Amino acid sequence: MTSKTKQEWREGCLAPVIKRSPERQDKFETTSGIELDTVYTPEDLVDFRYVRDLGYPGEYPFTRGVQPNMYRGRIWTIRQYAGFGSAEETNQRYRYLLEQGQTGLSVAFDLPTQIGYDSDYPQAKGEVGKVGVAIDSLQDIETLFQGIPLGKVSTSMTINATAPVLLAMYIALGKKQGVDPSKLEGTVQNDILKEYIARGTHIFPPRPSMRLTTDIFAYCAKNIPRWNTISISGYHIREAGSTAAQEIGFTLANGIAYAKAAIDAGLEVDSFAPRLSFFFNSHVNFFEEIAKFRAARRLWAKIMKERFGAKDSRSWMLRFHTQTAGCSLTAQQPYNNIVRTTLQGLAATLGSTQSLHTNSFDEAYAPPSEEAVTVAVRTQQILAHENDIGNVVDPLGGSYYIEYLTNELENKASEYIAKIDNLGGAVVAIEQGYQQREIQDASYSYQREVESGQRAVVGVNKFVSPYPKITGLIRVKPEVEKRQRERLAQLKKERDNSKVSQTLRCLEDVARGKDNTMPAFLECVEAYATLGEICDVLRKIFGTQREFLVF
Amino acid sequence: MAKQGKIRVLIAKPGLDGHDRGAKVVARALRDAGMEVIYSGIRQTPEMIVEAAVQEDVDVVGLSILSGAHLELLPLVTKGLKKKGRGDALVIAGGIIPEDDVPALQQAGVKAVFGPGAPTKDIIDFIKKESAK
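Since the structure is predicted, the reported quantities are computational estimates derived from the model, not experimental observations.

**Q** So what exactly am I meant to see when it comes to the overall build of chain B here?
**A** A tally of regular secondary structure across chain B gives five helices and five strands. Its helices and strands taken in sequence order, chain B reads β-α-β-α-β-α-β-α-β-α from the N to the C terminus. The C-alpha radius of gyration of chain B comes to 13 Å, within 12% of the 14 Å expected for a compact globule of 133 residues. The dimensions of chain B, computed from C-alpha atoms along their principal axes, are 35 × 35 × 25 Å. Counted over contacts in chain B with a minimum sequence separation of 6, partners at least 24 positions apart contribute 72%.

Below is the structure:
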């Protein structure tokens, strides 16, 4: 018998089987709570219109990818987030990664650098060089990129509250190397809203922070046209425990807030929107993740075109970096992490990411060792060069299941955006703790699912067995902090301190007024004013912001 | 410190890191297990944590840290508690802490370290067992 409809099949073919032997679970669901049917068919895509919903790659609404031929032209950028200890050590790691075939740099800064403190600040004790490289002044940036020509590499910097200062240092170093700012390529994360929501390295209150963000938009549009002025990040929202739908809903809502702030600051949408970029997580639910990337692209294209009236097709494109899910790594049976990362990397590339970071297997313990990071880079090279992932664009496009999930995720994300719109936009919603509360609830349910065994984590709550201890973990030695402080003291003695005071005063005037702050930051860093000194000026004027605590 | 009534717990985030998922999940699980829980929020200095523990008269201090600064910061909390006459408080820790560092932390007075993947039930059971002593 051949069923003509899903209903017929369900009753005639499926039901008797289930009656004989029940299924593994009462219901099957994605992380976003999308309940899954047994199979997907054209009946699940009744309103599906190819050109409207998918279109061709490189064309609106970009569901299939932002470039017409995607990885057939160039493989995604292999970009490993790296940084630890001193600028010298990190410089060695960068050169090693480039030798291994990595194609872009990604700088991890330590926490004092991210929060605007110098290495000699009392509360920086114990934190210098730990989660990233310590940067106090332009001098450290010079060391960090020693022997790396900025005109030939693209650099992504995970820096938010202090993004303008680090960007200014990068521009200043480019100038010293004789590279015109217009030739610089890279990204500053510069996404303060998700810091309040999920990551916690904010310094100032939201409104002055948004001004610094849009100052970067305006400055780069004029001076560094190939720079990605922001990387609007769902990654950390997801790491904090959100679902896939929340990840894209909250992230695009933040994107809307930035676009609106820039327009309110007098910028024309097509002058900045082509340089907005995004950053997503690739988590454990393989198919939902692939659909998530596709849904995000389609939704953003609609938002830019319909809500903001952008005319330039580049403004409609959601370009994004992906990192595999750090929170999915287990300390138990750590080599399993290589497999997890491979699947997550595969999902990202099937979702047409522009660049990818694959986590190293030892990262539930420490920053990656050289051995572990090599495996992570090789994982991407195996995906790209052995498995030919990139020979056809969006290979899963047209799968009934993937298209169904893409639609569902777009709908769910749109609901979150509507909710945030109703609250008055992302900033107001954050101040009320809306996103934070939603994420906390989701992360708590996730934890309960793991502990009840409803959600399997291999090696943790299922298939538990003894495992060998991994060796060769990276340890950042306390001497790094000591050396960094000594170097800072030396710099403060040797530089032209009257010039420093003068540039800091100038920054203070600009920050109090309405002019673009970027030129003033550039003058400060070129005079070797330190990051802490610069941020102290801003703290005085803007004030500081505690977390919008929700518990 | 066998005592009557609800166990009072301070969950705190020493240092500069903003990763608060674990701290909040543990705080909520302890609350659901019937304990009274105060959550400090992020970026707390050891002094602030000691102060809060004394003020709130807690029985347990849970420290969550993922920044790698545990060897520097956690002993300052235990030392501070002792100095303020609260050396009796049960101090436990969680986060990204390599196994090799656990003995040094225990030496400094941290009673247990719960790493990635530790079920909240283990933490609850540990606190209850220690509190009954």
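**Q** Help me understand the overall build of chain A, please; the structure alone is not making it clear to me.
**A** Tallying secondary structure elements over chain A gives 22 helices and 10 strands in all. Relative to the globule expectation of 24 Å for 551 residues, the C-alpha radius of gyration of chain A, 24 Å, shows essentially globular dimensions. For chain A, the spread of C-alpha atoms along the principal axes amounts to about 90 × 55 × 50 Å. Each of the 551 residues in chain A was classed as buried or not, and the buried ones make up 52%. For chain A, the share of sequence-separated contacts (at least 6 apart) that also reach a separation of at least 24 residues comes to 77%.

**Q** Where do I start with helix H3 (residues 87-99) of chain A in this structure?
**A** Two residues of an α-helix separated by three or four positions point the same way, owing to the 3.6 residues in each turn. Residues and elements named next belong to chain A. When the terminal C-alpha atoms of H3 are compared, their 18 Å separation across 13 residues agrees well with the 18 Å that a helix rising 1.5 Å per residue should span. Those residues of H3 that sit buried are Ala87, Thr90, Arg93, Tyr94 and Leu97. Along the long axis of H3, the arc covered by the buried residues comes to 120 degrees, so they all point the same way. For H3, the secondary structure elements touched by its buried residues are strand E2 (81-82), strand E3 (105-108), helix H5 (138-144) and helix H15 (370-386). One or two residues past the end of H3 sits Gly101, with phi positive at roughly 100 degrees.

**Q** Help me understand the packing of helix H18 (residues 434-452) of chain A against helix H1 (residues 21-32) of chain B, please; the structure alone is not making it clear to me.
**A** Two packed helices can be described by the angle between their axes and the distance between those axes. Closest axis-to-axis distance for the H18(A)/H1(B) pair is 10 Å, and the angle between their directions is 70 degrees. In terms of orientation, H18(A) lies roughly perpendicular with respect to H1(B). In the packing of H18(A) onto H1(B), the handedness of the crossing is right-handed. Taking contact as the criterion, the partners of A:Gln440, A:Ser443, A:Tyr444 and A:Gln447 in H18(A) are, on H1(B), B:Arg21, B:Lys24, B:Val25 and B:Arg28. A per-class count over the contact of H18(A) with H1(B) returns two nonpolar, three polar and three charged.

**Q** Looking at this structure, how should I read the pairing of strand E8 (residues 276-282) of chain A?
**A** In summary, the side chains of a regular strand alternate between the two faces of the sheet. All names here are of chain A. Of all seven residues making up E8, seven are buried, and the element is well covered by its neighbours. Burial along E8 is two-sided: Leu276, Phe278, Phe280 and Ser282 and Ser277, Phe279 and Asn281, pointing in opposite directions, are all buried. When strand E7 (residues 230-233) meets E8, the two strands line up parallel, connected through four bridges. Along E8, the bridge assignment pairs Ile232 with Phe278. Of the pairings in the sheet, the one linking E8 to strand E9 (residues 320-324) comprises five bridges and is parallel in character. Residue Phe280 lies in a different strand from E9, and its bridge partner there is Thr322.

**Q** For this particular structure, what's the right way to read helix H19 (residues 478-494) of chain A?
**A** All names here are of chain A. The first and last C-alpha atoms of H19 sit 25 Å apart over 17 residues, in line with the 24 Å expected at 1.5 Å per residue. What H19 keeps buried is the set Val480, Glu481, Gln484 and Leu488. Viewed along the axis of H19, the buried residues span an arc of 95 degrees, placing them on a single side of the element. Facing away from the buried side of H19 by over 90 degrees, the exposed positions are Glu479, Lys482, Glu486, Ala489, Gln490, Lys493 and Glu494.

**Q** Whenever I open this one, the interface of chain A and chain B confuses me. Can you help?
**A** Interfaces are often sized by the accessible area lost when the parts come together. Listed per partner, the contact involves 32 residues of chain A and 28 residues of chain B. By residue number, the principal contributor to the side of chain A that touches chain B is H18(A), which donates five residues.

**Q** Explain the sheet that holds strand E5 (residues 112-114) of chain B to me, please; I cannot follow it from the model alone.
**A** Hydrogen bonding along the main chain pairs the strands of a sheet, whether they run parallel or antiparallel. Residue and element names in this part refer to chain B. The sheet built from five strands is open, its strands ordered E2-E1-E3-E4-E5 with parallel pairing. Where the open sheet ends on each side, the last strands, each with one partner, are strand E2 (36-39) and E5. For this sheet, the mean inter-axis angle between neighbouring strands, taken without regard to orientation, is 20 degrees. In the sheet, strand E4 (residues 90-95) pairs with E5 via three bridges, with the strands oriented parallel. Bridged to Ala93 within E5 is Val113. Strands strand E1 (8-12) and strand E3 (60-65) of the sheet are contacted by helix H2 (residues 46-55), whose axis makes an angle of about 165 degrees with E1. Each of E3, E4 and E5 touches helix H5 (residues 120-132); the most contacted strand, E5, lies at about 165 degrees to it.

**Q** Just checking my understanding: could you explain the environment of A:Gln436 for this structure?
**A** Residues and elements named next belong to chain A. With respect to the helices and strands, the residue Gln436 is situated in helix H18. With 24 C-beta atoms packed within 10 Å, Gln436 lands in the buried category. Between the C-alpha atoms of Gln436 and Lys152, which are 284 residues apart in sequence, the distance is 40 Å. If near-sequence neighbours (up to four positions away) are discounted, Gln436 is found in contact with Ile197, Phe548 and Val550.

**Q** How should the domain arrangement of chain A be read in this particular structure?
**A** Residues and elements named next belong to chain A. Domain parsing of chain A yields domain 1 (6-44) and domain 2 (63-452). Centre-to-centre separation of domain 1 and domain 2, based on C-alpha positions: 36 Å. Between domain 1 and domain 2, the contact holds nine residues from the first and 12 residues from the second. Class assignment of the residues belonging to the side of domain 1 that touches domain 2 gives a composition of three nonpolar, five polar and one charged.

**Q** For this particular structure, what's the right way to read the packing of helix H12 (residues 286-307) of chain A against helix H16 (residues 400-423) of chain A?
**A** All names here are of chain A. Orientation of H12 relative to H16, taken along the N-to-C sense of each, is 60 degrees, at an axis distance of 8 Å. The pairing of H12 with H16 is recorded here as oblique in orientation. Read as a crossing pair, H12 and H16 show a hand that is right-handed. Counted together, Phe287, Glu288, Ile290, Ala291, Lys292, Arg294, Ala295, Arg298 and Leu299 of H12 and Tyr401, Ile402, Leu405, Thr406, Leu409, Glu410, Ala413 and Ser414 of H16 form the full contact between these two elements. A per-class count over the contact of H12 with H16 returns 10 nonpolar, two polar and five charged.

**Q** Please clarify how the confidence of the model for chain B should be interpreted in this entry.
**A** With 97% of its residues at a pLDDT of 70 or more, chain B shows a mean pLDDT of 95. Reported confidence for the predicted complex is 0.94 by ipTM and 0.96 by pTM.

Parameters and conventions
Residues numbered from 1 in each chain as written. Chains lettered and ligands numbered in written order. Predicted model: local features only at pLDDT ≥ 70, side-chain atom pairs only at ≥ 80, totals over all residues. Helix = DSSP H or I, 4+ residues; strand = E, 2+ residues; numbered from the N terminus. Rg over C-alpha atoms; globule rule 2.2 N^0.38 Å. Contact = placed C-beta atoms within 7 Å. Buried ≥ 20, exposed ≤ 12 C-beta atoms within 10 Å, placed from the backbone. Expected span 1.5 Å × (residues − 1). Arc of directions from axis to C-beta. Axes fitted to C-alpha atoms, helices over the stretch in contact; angles between N-to-C directions. Parallel < 35°, antiparallel > 145°, perpendicular 65-115°, else oblique. Left-handed = near helix turned anticlockwise from the far one by under 90°. Nonpolar A, V, L, I, M, F, W, Y, C, P; charged D, E, K, R; others polar. Pairing = 2+ DSSP bridges. Domains from an automatic or database assignment. pLDDT = per-residue confidence, 0-100.

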